[in-house]
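# Overview (structure and organization)
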Amino acid sequence: MDESGGSGQPRSGNEEPTERGRGRTTPATDPARPDLADERATEARHLDATPPSDSAATDDQDSRSADAAPGGDAQPGTSPSSGDDAQPGSPPSSSERPPASPAHQPAHTAQDHTDRPLGHPDAGKGPQPPRPRDPRGGLLMGRPFGVPVYVAPSWFLVAALITWVFGGQLDRVLPELGAARYLVSLFFAVAFYASVLVHELAHTVAALRFKLPVRRIQLQFFGGVSEIEKEAETPGREFVLAFVGPLLSLVLAGLFYLALQPVEPGTVPGVLLAGLMISNLIVAAFNLLPGLPLDGGRMLRAVIWKITGKPMSGTIAAAWVGRALAVSVLIGLPLLTQSGALGRDAVDNVGMDTVMDALLAAILAAIIWTGAGNSLRMARLREHLPELRARNLTRRAVPVETDTPLSEALRRANEAGARALVVVDPDGQPLSLVREAAIVGVPEHRRPWVAVSGLAQDLTDGMRVSAELAGEDLLDALRATPATEYLVVEDTGEIYGVLSAADVERAFVKAMARPS
């Protein structure tokens, strides 16, 4: 994404090493050298005098990173005592040299994160990236085809409502049941939502057939939702994916009709089968309405996508049709019920039934309107996702060895114009990433005595991402291993820089704010 290019830069493989500092380093905890402590404290204060700019890591990210990798923290900070370490004022060694000079740096046209010096006290005050959403959605009922099925808490509310309403109807049809009618009504509510589950499983099986990942199925207040994580690649697949749900509801209605034929009318089985047949017909007809977020809206989107060749055009058209449907339901449903067009006797006055019909219409209209808006937002999200590129968002990083004092590491980073620290072994292989939120938590006067290893999180395989990742692939990689920072590497294995989750969030919000 050109507008959100970062400052991450690769190190040149043939860059000449700088001269090592000569002589041995006095341990940072040596009581005989108070002048060294004063020198390093002055140096740390000098670092934080640089003009501030945007930050990346947050305390919230830090805690989330710790949760994601329990063993990631290194041992508490120790004082460096290696004779090979450079003095604070000396150039970095060849194994700890800064990244390549600007002549070797990839050209980025813009930055979404500015160059606030690493360790600045205002770091960690920027916008916080969202926590990964909890994949659970209520009570887990099973995993058909490997997809978890959850029953949301709101389902129990609608089950109670169905039991109450259907129980009232049974009292008029089968008064001899007495209080047992509510058990029959509860069975009907469960059987109806089992039909809804079959509807959603049809979408799920089609998605898996097209190799589209399905996150979960959730049964909730007004039906069910199959959370398919990726978009169909062609309009034909999108049409099929949407149509199979209403098709299965129609098939179920037909099966209940056939089962009803040998059953005597006016009996409990007859009433249940008739109710399930009618309810599945209603589910099929309602979902075939041509507006998002309904299945019919997705079918309309697929048709317009096929005609125009632009999926976004189909989404916009189907979403606005969905909003028109929402207004129609809000106004039309109460008028139809009051006029008697839906099978009830026409009424001239406003009673409890009229109020309930208006409330139901308002809830349905709100769901359709909100779903249409969400469909538009998701379409814009997918449209802008390719603009998120790991290479453009990566921060330039400086490699430091495990026993390097924090103040010295910050000095090297600021001299090199870097905003990240990578802890490496003597051979230059990355071991861990120094957490920016942890750096901010160390007082300036303590930084000369704190080793970077005490502030670092051990690298796991999931925390190494390719510099070539972009769009959904990049987000999938970050979701798979939640952390605050990630090591970005070239295909050759060379360190490119460090990617902050906060920078990705900031770039994503900026991209979404631009018009399509």
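Residues numbered from 1 in each chain as written. Predicted model: local features only at pLDDT ≥ 70, side-chain atom pairs only at ≥ 80, totals over all residues. Heavy atoms only, no water.

Below, the discussion takes up the nonpolar core. By size, the foremost hydrophobic cluster in this structure holds 30 residues, and its most contacted members are Leu388, Val422, Leu433, Leu478, Tyr486, Leu487 and Leu499. Secondary-structure elements contributing two or more residues to this core are α10 (390-393), β6 (420-424), α13 (471-480), β10 (485-489), β11 (495-500) and α14 (501-513). Discounting chain neighbours no more than four positions away, the residues touching Leu433 are Leu421, Val422, Leu455, Ala456, Gln457, Leu459, Met463, Glu485, Tyr486, Leu487 and Val498. Core analysis: the second largest hydrophobic core is formed by 26 residues, Val184, Ala189, Leu260 and Met277 among them. (Core = buried A, V, L, I, M, F, W, Y, C linked by side-chain atoms within 4.5 Å. Buried < 20%, exposed > 50% of the residue type's maximum accessible area, 1.4 Å probe, protein only. Helix = DSSP H or I, 4+ residues; strand = E, 2+ residues; numbered from the N terminus. Contact = heavy atoms within 4.5 Å.)

The next thing to look at is the confidence of the model for the protein chain. Confidence in the prediction of the protein chain, expressed as mean pLDDT, is 77, and 70% of residues score 70 or more. Scored below 50 in pLDDT, residues 124-135 makes 34 contacts in the model with residues more than four places away or belonging to other chains. (pLDDT = per-residue confidence, 0-100.)

Most of strand β5 (residues 397-401) sits inside the fold, with 5 of its 5 residues counted as buried. In the sheet, β5 pairs with β6 via 5 bridges, with the strands oriented parallel. In the sheet register, Val398 faces β6, and the bridge partner there is Leu421. Running through helix α11 (residues 406-416), the crossover from β5 to the neighbouring parallel element β6 is right-handed. (Pairing = 2+ DSSP bridges. Right-handed = clockwise from strand over helix to strand, strands pointing away.)

What follows covers empty space enclosed by the protein. As enumerated under the stated definition, the model contains 2 cavities of 30 Å³ or more in all. For the largest cavity, the calculated volume is near 60 Å³. For the largest cavity, the lining is made up of 10 residues, of which Arg419, Ala420, Val434, Glu485 and Val498 are closest to its centre. For the lining of the largest cavity, the elements supplying multiple residues, two or more each, are β6 and β7 (430-434). Grouping the amino acids of the lining of the largest cavity by side-chain chemistry returns 6 nonpolar, no polar and 4 charged. (1 Å grid on protein atoms, 1.4 Å probe; cavity = no way out; pocket = protein on both sides within 12 Å on 5 of 7 lines; lining within 4 Å. Points joined across faces, edges and corners; volume = space filled by probe spheres on them. Nonpolar A, V, L, I, M, F, W, Y, C, P; charged D, E, K, R; others polar.)

This next bit is on the sheet that holds β10. Note: strands within a sheet are paired through backbone hydrogen bonds, in either parallel or antiparallel orientation. As summarised here, the arrangement of the 3 strands in space is β9-β10-β11, forming an open sheet in which the pairing is mixed. Edge positions in the sheet fall to β9 (464-466) and β11, since each of these pairs with one other strand and no more. Each strand axis lies, on average, 35° off the axis of its neighbour in the sheet, ignoring direction. (Axes fitted to C-alpha atoms, helices over the stretch in contact; angles between N-to-C directions.)

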